[in-house]
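Residues per chain, in single letters:
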Amino acid sequence: MASSLALPSTSTKSSSLCQSFVPKRTHQPSFVSCERSEPVNGKPRVPIINDGTLPKFLQAKRLENAVSRNNSRLKIFTGTANPSLSQEIAWYMGFDLGKVNIKRFADGEIYVQLQESVRGCDIYLIQSTCPPANENLMELLVMIDACRRASAKTITAVIPYFGYARADRKTQGRESIGAKLVANLITEAGADRVLACDLHSGQSMGYFDIPVDHVYCQPVVLDYLASKKISSNDLVVVSPDVGGVARARAFAKKLSDAPLAIVDKRRQGHNVAEVMNLIGDVKGKVAVMVDDMIDTAGTIAKGAALLHQEGAREVYACCTHAVFSPPAIERLSSGLFQEVIVTNTIPAMEKNYFPQLTVLSVANLLGETIWRVHDDCSVSSIFQ
C-alpha cells in the first residue's frame, strides 16, 4: 500500500489558515493514482469559503472582528479589477466594502470619488494590476490619490497581482525597468505601504521606498495538494526554468521534502521559449510543475511535453497568477496536464474555463495578512 502524502502538521497557523480552501474528499488508502478535479456545469471547481469550512480560530477571529467593526478605523475599498476577491476578503474580515464611485469618461479617463469619509482612517485599497494592466494600474493610482486628498491616515495598496513585475532588470541594452517605474508611481501617488502576492522576483520589493509585505500563496496550493491521493515516493517537484529553482526548492521542502527536477530552457524572445533538456529523474513519477504565473503557457507546456517524453506518469501545473494570454488555454487543455491549479489573484474569466482547471481562493490568506498589518503583528509567521 502506497504511503500517503505527508505535510507539516496542520496545527500550524499557516496550514490551518488555508484549510478553508481545500474541498473535502473521501480518501481510499489503497487507491494510488491522482484524482483530477471535475468541473461543475462546465466550470472549474472553485472552493468556496463559508462558516462551515473555516478553521475554529478563524471563525472566532471573524466573529470578533464582525462585532467590533463599527469601532474600527480600518476601511477596505476595491477597484474594478477583481471585486469578487475583494468581497471575500471583506467577508472574512467582518467588514463591508467601502462605497466608492468609479467610472470612465467618454474618452476613457478614470473618475474616482469616495462615497464616505476616510479622514483619519487606515485605508486598504484592493486592486490587481491584471489585464488590462494599464487601465487597472491607473485606476489604482487615482484611488490612492483620492484617499490621500481625503485625509486618510494611512493608505495600503493591496495588489494580489503586481503587473510589470517581469520587467525587473535590464537583460539587454536600451531596455526600461518597468517594475521600478511602477513602484515609483505607486509611492508618489501617496501609498504608505504595499501588500503583494508572489512577486516575480524578490528584488522587486527593493524598488519601493515604502514598506512591502510579500504574501506567499504557497500554503494554499500545498494544502490542496495534501488532499490528493499521491504517494510521497512517486512525487517530484519540477521548476520550469532555472530562474524558478529557489521557488521550486522551497515548495518541494514543504511537500514531504520531495526530490527536485529542473527544465533547462533557452528563451529566444518575449513569450517564446525553447526547452533544451531536463535535469533530474521523473520516470514513472507524478511531476508537479511550480511557477509564479502562467501567461501564454509556452514555457510550462513545453516543459510538460518534455516530462512526458522522459517518462513522467502524470504532470500537474501549479501557479499563483493565471494571466492566461492566448494561446494559453489551448496549450493547457491539450491533455499534457492532469490538473492546472491556480489562485484567484486574477479573476477567472468564463472564456478561460477548461476541464483541468482548479481555482483556489486566497481571500482568507490576504484577509489575515491585512489584520496582522493593521494590528502591527508579524506577517512572516503565517508562512512558517
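Model, not experiment: these values are computed from the prediction. (Residues numbered from 1 in each chain as written. Predicted model: local features only at pLDDT ≥ 70, side-chain atom pairs only at ≥ 80, totals over all residues. Heavy atoms only, no water.)

Caption draft 1: Molecular detail of the packing of aromatic side chains. Under the counting rule described, the total for this entry stands at five aromatic pairs. Pairing Phe-105 with Tyr-111 gives two aromatic rings, centres 5.9 Å apart and planes at 70°, and the pair type is edge-to-face. Measuring from ring centre to ring centre gives 5.6 Å for Tyr-216 and Phe-383, while their planes differ by 85°; the resulting arrangement is edge-to-face. Linking Tyr-216 in the loop between strand S7 (212-215) and helix H6 (218-226) with Phe-383 in the segment after helix H10 (363-374), this pair joins segments that are 167 residues apart in sequence. The exposure class assigned to Phe-383 is buried, which follows from its relative accessible area of 11%. Its guanidinium or amino end placed over the ring of Tyr-111, Lys-103 lies 5.1 Å from that ring's centre, counting from NZ or CZ. (Phe/Tyr/Trp six-rings, centres within 6.5 Å; stacked < 30°, edge-to-face > 60°. Helix = DSSP H or I, 4+ residues; strand = E, 2+ residues; numbered from the N terminus. Buried < 20%, exposed > 50% of the residue type's maximum accessible area, 1.4 Å probe, protein only. Lys NZ or Arg CZ within 6 Å of the ring centre and 35° of its normal.)

Caption draft 2: Structural context of the sheet that holds strand S1 (residues 74-78). Pairing in this open sheet of five strands is parallel, and the strands run S1-S4-S5-S6-S7 from one edge to the other. Two strands close off the open sheet at either side, each with one partner strand: S1 and S7. The sheet shows a mean angle of 20° between the axes of neighbouring strands, direction not considered. (Pairing = 2+ DSSP bridges. Axes fitted to C-alpha atoms, helices over the stretch in contact; angles between N-to-C directions.)

Caption draft 3: The packing of helix H4 (residues 133-149) against helix H5 (residues 178-189), seen in detail. Remark: H4 packs on H5, axes separated minimally by 8 Å, with the N-to-C direction vectors making an angle of 20°. It follows from the interaxial angle that H4 and H5 lie roughly parallel. Seen from H4, the contacting residues are Leu-137, Leu-140, Leu-141, Ile-144, Asp-145 and Arg-148; seen from H5, they are Val-182, Leu-185, Ile-186 and Ala-189. (Parallel < 35°, antiparallel > 145°, perpendicular 65-115°, else oblique. Contact = heavy atoms within 4.5 Å.)

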